[in-house]
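Chains, contacts and geometry: an overview
Given next are the chains, with one letter for each unit.
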Amino acid sequence: MNAETVATTATKTVVQKRIRAAERDLVNLSHRIHAHPELAFEEVRASAWVAESLSAAGFDVEHGCYGLPTAVRATVGSGPLHIAICAEYDALPEIGHACGHNIIAAAAVGAGLGLAGLADDLGLTVTVLGTPAEEGGGGKILMLEGGAFDGMDAAMMVHPAAAEMDAMPGTAVSQFDIHYRGTPAHAGAYPERGVNAADAMTVAQVAIGLLRQQTAGTDRIQGIVTEAGSAANVIPESSRGRWIVRSDTLEALVPLKARVARCFEAGALATGCELTASPVGPDYADLRPDPTMLALYRANAEALGRTFVDLPAGAAVGAATDMGNVSHVVPTIHPMLGLDCAPAVNHQREFTAACVTPAADRAVLDGALAMAWTAADLAAP
């Protein structure tokens, strides 16, 4: 890959015309997915719509692959340079598409449509991968382990955000469920006979709060309690929670996870409860963008009038993506498409609304075109 060698203007003009011709369909796809949010591994409609759009454009489509019913693999061309374009389409509980995966899916389809018909002439094989369950389920990791990225020379996707960034400094993440089991008893008459599972969770939370003073600035420990008893006059028999631990690299995540685990063990030890900790999906790796691809993408996006925000050196963002695991195996980019929606940011209801605005529709088309142009640049002699 050579950042100084790019596709001809004529080639890029043809790609642009193909994407512009599909503008209405791409925007409609984005809006349809947004209007029908589906959670991780349940993206039945969204994955079908992505598969149908690509099949209609002449892609060889497999819907339901790598052991995942809502995964999609759609390929066109047979050139020596194999490019993967990733589509996400899962939503968040209660707040829907507050991370804009509807935009990601439509932009990926658009990039594929822009390259279809030109792939062989460019020396490309283009595969659009519909990747379920980015929001905690690690769909790309499961697909990576299943061979979806075998033989790939590059992988790319775009992701909406409040501001434009060529590279998201993504962190490594581990997510797990915690369950304490104790013994119920009448809280007024026989409290001494109970083993309080809610207290175990409280002890663990206090220990984690104290631990935070000794963690690195790039570390994050977050959690919610989903169960802590059913009646005030009953010693809680069961408590449950879901927790996330983040660090800047997979290597740094390992010791942090061990320290957090001891906090939960302390809750069990202090109260006499039984502790069960269960991972929720595989660990996400830190994102390592390919600098050559980034330079090509940024130049293409700037040619479309998009303006990037440069983060200070070492700036940490506590977001994570299963595209990080892909980036450890295949040259990868994961740029952010600004929606000009500040102060609304990802995972807020206001951001959900921002993902079907005119700015969001422009992001679909610009993201598709910038990725398709970048793929053409990578194939340039």
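Note: the structure precedes this text.
Being a predicted model, the structure only gives us computed values, none of them experimental.

Quick reminder: α-helices carry 3.6 residues per turn. Residues three or four places apart thus point the same way. Look at helix H1 (residues 9–21): 18 Å from first C-alpha to last across 13 residues, which is about the 18 Å you get at 1.5 Å a residue. Buried within H1 are the following residues: Thr11, Lys12, Val15 and Ile19. Along the long axis of H1, the arc covered by the buried residues comes to 95 degrees, so they all point the same way. Relative to its buried face, H1 has exposed residues pointing more than 90 degrees away, namely Thr9, Ala10, Lys17 and Ala21. The secondary structure elements touched by the buried residues of H1 are helix H2 (23–35), helix H4 (101–115), helix H5 (119–122), helix H9 (291–303) and helix H12 (358–379).

On to the environment of Val254. As for its position among the elements, Val254 is in helix H8 (residues 250–271). C-alpha of Val254 to C-alpha of Ser174: the two residues are 80 residues apart in sequence and 9.3 Å apart in space.

Ordered by their spatial adjacency, four strands build an open sheet running E8-E9-E7-E10, and the pairing between neighbours is antiparallel. Among the strands making up the open sheet, the edge pair consists of strand E8 (220–227) and strand E10 (274–279). The average undirected angle you get between the axes of adjacent strands in this sheet is 20 degrees. Taken together, the six bridges between strand E7 (residues 172–181) and E10 define a ladder with antiparallel strand orientation. Each bridged residue has a counterpart across the sheet, and for His179 the counterpart in E10 is Thr276. Its contacts with the sheet put helix H7 (residues 197–211) on E7, E8 and strand E9 (238–247), and the angle it makes with E9 is roughly 20 degrees. Of the strands in this sheet, E7, E8, E9 and E10 are in contact with H8, which crosses E7 at around 10 degrees.

Turning our eyes to something else, we now look at the sheet that holds strand E4 (residues 124–131). Think of a sheet as strands paired side by side through backbone hydrogen bonds, with each pair either parallel or antiparallel. With respect to topology, six strands assemble into an open sheet ordered E1-E2-E4-E3-E5-E11, the strand pairing being mixed. Lying at the two open borders of the sheet, with one neighbouring strand each, are strand E1 (60–65) and strand E11 (332–333). Here three bridges tie strand E3 (residues 81–88) to strand E5 (residues 154–156), and the two strands are oriented parallel to one another. If you follow Ile83 over to E5, its bridge partner there is Ala154. Its contacts with the sheet place H4 against E3 and E4, and it is angled at close to 150 degrees to E3.

Right, let's get into the layout of surface pockets. Counted as a void, the largest pocket has a volume near 1,300 Å³. Together, 41 residues line the largest pocket, and Leu92, Glu135, Ile244, Arg246 and His347 are the ones closest to its centre. Listing elements by their share of the lining of the largest pocket, those giving two or more residues are strand E6 (159–161), E7, E8 and E9. A per-element tally of the lining of the largest pocket places E9 first, with four residues. Across the lining of the largest pocket, the residue classes tally to 24 nonpolar, 13 polar and four charged. What lines the second largest pocket is a set of 14 residues, and nearest its centre among them are Phe176, Ile178, Lys257, Ala261 and Ala277. Contributions of two or more residues to the lining of the second largest pocket are made by E7, H8 and E10. Looking at the lining of the second largest pocket residue by residue, the classes come out as eight nonpolar, three polar and three charged.

Counting 69 residues, the largest nonpolar core has Ile83, Ile85, Leu115, Leu124, Met156 and Tyr297 as its most contacted members. Per-element accounting of this core gives the leading share, 14 residues, to H12. Contacts of Ile83, omitting those with residues within four sequence positions, involve Leu124, Thr125, Val126, Thr127, Met152, Ala154, Met156, Ala375 and Leu378. With 22 residues, the next largest nonpolar core counts Cys86, Ala148, Met323 and Met336 among its residues.

The subject of this paragraph is the pairing of E9. Along E9, eight of the 10 residues are buried, which leaves the element largely enclosed by surrounding structure. Bridge analysis of E7 against E9 gives 10 bridges, and the strand direction is antiparallel. Looking at the pairing, Ala172 lines up with Ser247 of E9. Relative to E9, E8 is paired through seven bridges, and the arrangement is antiparallel. Opposite Val225, over in E9, you have Gly241 as the bridge partner.

Under the defined criterion, the tally for this structure stands at two aromatic pairs. When the centroid spacing of 6.0 Å and the interplanar angle of 90 degrees are considered together, the rings of Phe176 and Phe264 count as edge-to-face. Here Phe176, found in strand E7, pairs with Phe264, found in helix H8; they are 88 residues apart in sequence, far enough to count as distant. Its relative accessible area of 12% is what places Phe176 among the buried residues. Classification of Phe264 by relative accessible area gives buried; the value is 2%.

This part is about the side chain of Asp286. Here Asp286 lies in the loop between E10 and H9. Asp286 gets classed as buried once you look at its relative accessible area, which sits at 5%. Side-chain polar atoms of Asp286 contact the side chain of Arg288, separated by 3.1 Å. Excluding anything up to four places from it in sequence, Asp286 contacts Gly170, Thr171, Ala172, Asp248, Thr249, Leu250, Gly324, Ser327 and His328.

Right, let's talk about the packing of H7 against H8 for a bit. With their axes 8 Å apart at the nearest point, H7 and H8 run at an angle of 145 degrees to one another. Viewed along their axes, H7 and H8 form a crossing whose handedness is right-handed. Facing Asp199, Ala200, Met201, Val203, Ala204, Ala207, Ile208 and Leu211 of H7, the residues of H8 in contact are Arg259, Val260, Cys263, Phe264, Ala266, Gly267, Ala270 and Thr271. For the contact of H7 with H8, the class distribution of residues is 12 nonpolar, two polar and two charged.

Calculation notes
Residues numbered from 1 in each chain as written. Predicted model: local features only at pLDDT ≥ 70, side-chain atom pairs only at ≥ 80, totals over all residues. Heavy atoms only, no water. Helix = DSSP H or I, 4+ residues; strand = E, 2+ residues; numbered from the N terminus. Expected span 1.5 Å × (residues − 1). Buried < 20%, exposed > 50% of the residue type's maximum accessible area, 1.4 Å probe, protein only. Arc of directions from axis to C-beta. Contact = heavy atoms within 4.5 Å. Pairing = 2+ DSSP bridges. Axes fitted to C-alpha atoms, helices over the stretch in contact; angles between N-to-C directions. 1 Å grid on protein atoms, 1.4 Å probe; cavity = no way out; pocket = protein on both sides within 12 Å on 5 of 7 lines; lining within 4 Å. Points joined across faces, edges and corners; volume = space filled by probe spheres on them. Nonpolar A, V, L, I, M, F, W, Y, C, P; charged D, E, K, R; others polar. Core = buried A, V, L, I, M, F, W, Y, C linked by side-chain atoms within 4.5 Å. Phe/Tyr/Trp six-rings, centres within 6.5 Å; stacked < 30°, edge-to-face > 60°. Polar contact = N/O pair within 3.5 Å; in protein donor to acceptor, adjacent residues only side chain to side chain. Left-handed = near helix turned anticlockwise from the far one by under 90°.

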